[in-house]
Amino acid sequence: MITPYSKLTSDGYVLCLPGQVKLDAGKLGSYLSALKVTTERIQLKVIPARLFLERGYTAVDDNGTSLTLLDPDLDRKLVIIGDLNLYFALQQDPSCFEDVWVEVVSELPKGRKWYY
């Protein structure tokens with residue numbers, strides 16, 4: 001399912017981060033420059049927090065609070081599994097979120113090692 005970011009947030013969904021975030025300052029800087037001139041659709045990939053936690057990974061919500069399987073609003077939380085550098089670059093310029101689309105996937109992509 002691919003949905004505009006604005007619709008997801010207005011529906012009450014919250015984007016969360018994996019427990020251990022690794023950022024690349026070089027990539028972050030290049031994204032910041034590219035976001036100012038891009039005309040293409042920007043897409044973030046997320047997975048429902050329940051699935052992420054059931055796989056044994058840790059995640060934190062937008063307040064920095066660790067997520068658990070007992071959280072009452074866990075069904076409204078999505079964990080970013082795509083490029084976290086892009087997400088942090090988008091946060092530097094909130095006007096960019098107007099063109100952001102979010103793809104909600106039901107499984108972690110195969111063929112990649114996840115270190116979250």
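Thresholds applied
Residues numbered from 1 in each chain as written. Predicted model: local features only at pLDDT ≥ 70, side-chain atom pairs only at ≥ 80, totals over all residues. Heavy atoms only, no water. Helix = DSSP H or I, 4+ residues; strand = E, 2+ residues; numbered from the N terminus. Buried < 20%, exposed > 50% of the residue type's maximum accessible area, 1.4 Å probe, protein only. Contact = heavy atoms within 4.5 Å. Polar contact = N/O pair within 3.5 Å; in protein donor to acceptor, adjacent residues only side chain to side chain. Pairing = 2+ DSSP bridges. Axes fitted to C-alpha atoms, helices over the stretch in contact; angles between N-to-C directions. Core = buried A, V, L, I, M, F, W, Y, C linked by side-chain atoms within 4.5 Å.

Peer 1: How should I be thinking about the environment of Met-1 in this particular structure?
Peer 2: Locating Met-1 in the fold gives a position in the segment before strand S1 (2–4). For Met-1, a relative accessible area of 62% puts it in the exposed group. In this structure the C-alpha to C-alpha distance between Met-1 and Val-60, which are 59 residues apart in sequence, comes to 23 Å. In this view, Met-1 contacts Val-102, Glu-103 and Val-104; residues no more than four positions away in its chain are not counted.

Peer 1: Could you clarify how one ought to interpret the side chain of Lys-77 in this entry?
Peer 2: Considering the arrangement of structural elements, one finds Lys-77 in strand S5 (residues 77–80). Residue classification places Lys-77 among the buried positions, given a relative accessible area of 6%. Among the polar contacts made by the side chain of Lys-77, one reaches the side chain of Asp-61 at a distance of 3.4 Å. Aside from chain neighbours lying at most four places away, what touches Lys-77 is Val-14, Cys-16, Pro-48, Ala-49, Asp-61 and Leu-67.

Peer 1: So what exactly am I meant to see when it comes to the sheet that holds strand S6 (residues 100–104) here?
Peer 2: Strands sit in the order S1-S6-S3-S5-S2-S4 across an open sheet of six strands; the sheet is mixed. What marks the edges here is a single partner per strand, and that holds for S1 and strand S4 (59–60). Bridge count for strand S3 (residues 42–48) against S6 is five bridges, and the pairing is parallel. Each residue of the ladder has a partner; that of Val-46, found in S6, is Val-104. Against the sheet, helix H4 (residues 84–92) engages strand S2 (14–18), S3, S5 and S6, with an angle of about 115° to S3.

Peer 1: Even after reading the chapter, I still don't get H4, so can you show me in this structure?
Peer 2: Side chains three or four residues apart in an α-helix point the same way, a direct result of the helix having 3.6 residues per turn. Of all nine residues making up H4, seven are buried, and the element is well covered by its neighbours. Among the residues of H4, Leu-84, Asn-85, Leu-86, Tyr-87, Phe-88, Ala-89 and Leu-90 are the ones counted as buried. In this structure, the buried residues of H4 make contact with S2, helix H2 (25–37), S3, S5 and S6. Measuring from the side-chain oxygen of the N-cap residue of H4 to the backbone nitrogen of Asn-85 gives 3.0 Å; that N-cap residue is Asp-83.

Peer 1: Can you help me understand the nonpolar core in this one?
Peer 2: Nonpolar side chains tend to gather and get buried jointly when the protein is soluble and globular. Ranked by size, the top nonpolar core spans 22 residues in total, and within it Leu-15, Tyr-87 and Leu-90 carry the most contacts. Broken down by secondary-structure element, the contributors of at least two residues to this core are helix H1 (5–10), S2, H2, S3, S5, H4 and S6. Here this core takes six residues from H4, the largest share from any one element. Contact partners of Leu-15, with chain neighbours within four places excluded, come to Tyr-5, Leu-44, Val-46, Asp-62, Leu-78, Ile-80 and Tyr-87. The next biggest cluster of nonpolar side chains, apart from the first, holds 13 residues, and it includes Cys-16, Tyr-57, Ala-59 and Leu-108.

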